[in-house]
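Results of the structural survey
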Amino acid sequence: MDQVPGALIVVVILLGLVVLTAFKGIRTVSQGENWTVERFGAFTRVLQPGLNFIVPFIDTIGHRVNVQETVLDIPEQAVITRDNANVSVDGVVYYRVMDPEKAAYQVQNLTQALTALAMTNIRAIIGEMDLDAALSSRDKINTHLLSVLDGATDPWGAKVTRVEIRKIEPPANLVAAMNTQMMAERERRAVVMRAQGDREAAVMRAEGAKAAQVLEAEGRLEAASRDAEARERLAQAEAEATRVVAAAARDGGTAALNYFVAERYIAAFGKLAGNPSSKLVVVPMEAAGIAGGITAAMEMFRNVSGAPPASVPPARAGSVPPTAVRD
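The structure contained in this document is the topic of the report that follows. (Residues numbered from 1 in each chain as written. Predicted model: local features only at pLDDT ≥ 70, side-chain atom pairs only at ≥ 80, totals over all residues. Heavy atoms only, no water.)

1. Concerning the overall build of the chain
Secondary structure summary: the chain contains 8 helices and 8 strands in total. Put simply, the chain has 327 residues, and 23% of those count as buried. A sequence separation of at least 24 residues applies to 63% of the contacts in the chain between residues at least 6 apart. (Helix = DSSP H or I, 4+ residues; strand = E, 2+ residues; numbered from the N terminus. Buried < 20%, exposed > 50% of the residue type's maximum accessible area, 1.4 Å probe, protein only. Contact = heavy atoms within 4.5 Å.)

What follows is the structure in structure tokens.
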């Protein structure tokens, strides 16, 4: 069997050393990561994402640091509030490494340190609050936690961007008591609202009755005013008629007055005779006055017109003029 030449062995060894050296000296860093380089155990520099070269067999990779925003779950823990209520609380913390050197060498375990710091501050903040305030002030708790954690993690090269309290849960017996209290409060509010509604309804009914009485009184006042006005106008008309009759009597003498009385008398007697329910009309004994009034009236008209007087037989006292009887 032929022996392998020594030169070939040397070439192969050299080629292997070159490949090993290239493998040790070329590093490819993924996006979202930073690598620290150590030389004989001491930090020298940070490798950025992409292709990087280091000194083979001298420089080594120390820590692979994730610089993306990371979500850290805060485990559930029991917290006692200021009014001695035991509640279970958990949450989440969003942080990002801003300085890989500090995150790698200023704290041994950044995740564990952030978790312990968040749990401690949650207990401290909620322990200073009553249960009702803790349940209704999550935004205040989140803001306070963010301020505290961001300031505490600055030496570690990390920045806390957001803190959210995910759950504040009282024990079951306390939840039942709170539900009972809430139901009682709602019933109280319902009773108060019902009483206020009844009071407002009573006030509205009273105001409606008052308005109705005012309108009714105003209506009566208007009607009385109209009645008074009508009576006044009627009185004025009667007074005017009386003045006209008086003037006629003054100018025409007794005959004009007798004519006026006879006209009214005949009109009243006509209405009496025209009543459909009457079967018999009784003429009073004073009917002779009617004939005398008519005669005087006719005499006055003849005097005015200049016609010769007509012979009218005088009516005897006590005589009754013929009257038709209707069946």
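2. Quick look at the environment of Leu-114
Structurally, Leu-114 can be placed in helix α3 (residues 110-127). Classification of Leu-114 as buried rests on a relative accessible area of 1%. Residues Leu-114 and Tyr-95, spaced 19 residues apart in sequence, show a C-alpha to C-alpha distance of 9.2 Å. Setting aside chain neighbours within four positions, we find Leu-114 in contact with Leu-72, Tyr-95, Thr-153, Trp-156 and Val-160.

3. A short note on the sheet that holds strand β8 (residues 158-169)
Reading across the sheet, the 3 strands line up as β6-β7-β8 and stay open at both edges, with antiparallel pairing between neighbours. Looking at the sheet topology across the chains shown, the edges are occupied by β6 (70-80) and β8. For this sheet, the mean angle separating the axes of adjacent strands, direction not counted, is 20°. Helix-sheet contacts for α3 involve β6, β7 (86-97) and β8, and the interaxial angle to β6 is about 40°. Seen against the sheet, helix α5 (residues 138-153) touches β7 and β8 and runs at an angle of roughly 145° to β8. (Pairing = 2+ DSSP bridges. Axes fitted to C-alpha atoms, helices over the stretch in contact; angles between N-to-C directions.)

4. A closer look at α5
In this model α5 runs 22 Å from its N-terminal to its C-terminal C-alpha over 16 residues, within 8% of the 22 Å that 1.5 Å per residue would give. Residues Ile-141, Asn-142, Leu-145, Leu-149 and Thr-153 constitute the buried set of α5. Take α5 and look down its axis: the buried residues cluster within an arc of 95°, on one side only. In α5, those exposed residues whose orientation departs by more than 90 degrees from the buried face are Asp-139, Lys-140, Thr-143 and Ser-147. Looking at the buried side of α5, the elements it contacts are β7, α3, α4 (131-136) and β8. (Expected span 1.5 Å × (residues − 1). Arc of directions from axis to C-beta.)

5. Points about the nonpolar core
Most often, soluble globular proteins keep nonpolar side chains buried together rather than apart. Judged by nonpolar contacts, the single largest core of 33 residues is most densely connected at Val-89, Val-93, Leu-110, Ile-126 and Ile-141. Residue assignment for this core shows that the elements contributing at least two residues are β6, β7, α2 (100-105), α3, α4, α5 and β8. Ranked by residue count, the leading element in this core is α3, at 8 residues. Apart from residues lying up to four places away in sequence, Val-93 is in contact with Thr-70, Val-71, Leu-72, Ile-74, Ala-118, Leu-149, Val-160, Arg-162 and Val-163. Counting residues in each nonpolar core, the second largest holds 6 residues, with Val-29, Trp-35, Leu-47 and Ile-61 among its members. (Core = buried A, V, L, I, M, F, W, Y, C linked by side-chain atoms within 4.5 Å.)

6. Topic: the pairing of strand β1 (residues 26-29)
The alternating pattern of β1 places Arg-27 and Val-29 on a buried face and Ile-26 and Thr-28 on a face that is not buried. The pairing of β1 with strand β4 (residues 50-53) spans 4 bridges and is antiparallel. The residue bridging Val-29 from the neighbouring strand is Gly-50, located in β4.

7. Remarks on the pattern of salt bridges
Evaluation of the coordinates by the stated rule reveals 13 salt bridges. Salt-bridge contacts for Glu-216 lead to Arg-220; the nearest nitrogen and oxygen are separated by 3.3 Å. In this pair, Glu-216 and Arg-220 both sit in helix α6 (residues 172-252), 4 residues apart, roughly one turn of the helix. You can call Glu-216 partly exposed: its relative accessible area is 49%. Notably, a salt bridge pairs Arg-226 with Glu-222, separated by 3.0 Å at the nearest N-O pair. Of this pair, Arg-226 and Glu-222 both sit in helix α6, 4 residues apart, roughly one helical turn. (Salt bridge = Lys/Arg side-chain N within 4 Å of Asp/Glu carboxyl O.)

8. Let's talk about the packing of aromatic side chains
Taken as a whole, this structure holds 1 aromatic pair when the rule is applied. Just above the ring of Phe-23 sits the side chain of Arg-27; from NZ or CZ to the centre is 5.9 Å. (Phe/Tyr/Trp six-rings, centres within 6.5 Å; stacked < 30°, edge-to-face > 60°. Lys NZ or Arg CZ within 6 Å of the ring centre and 35° of its normal.)

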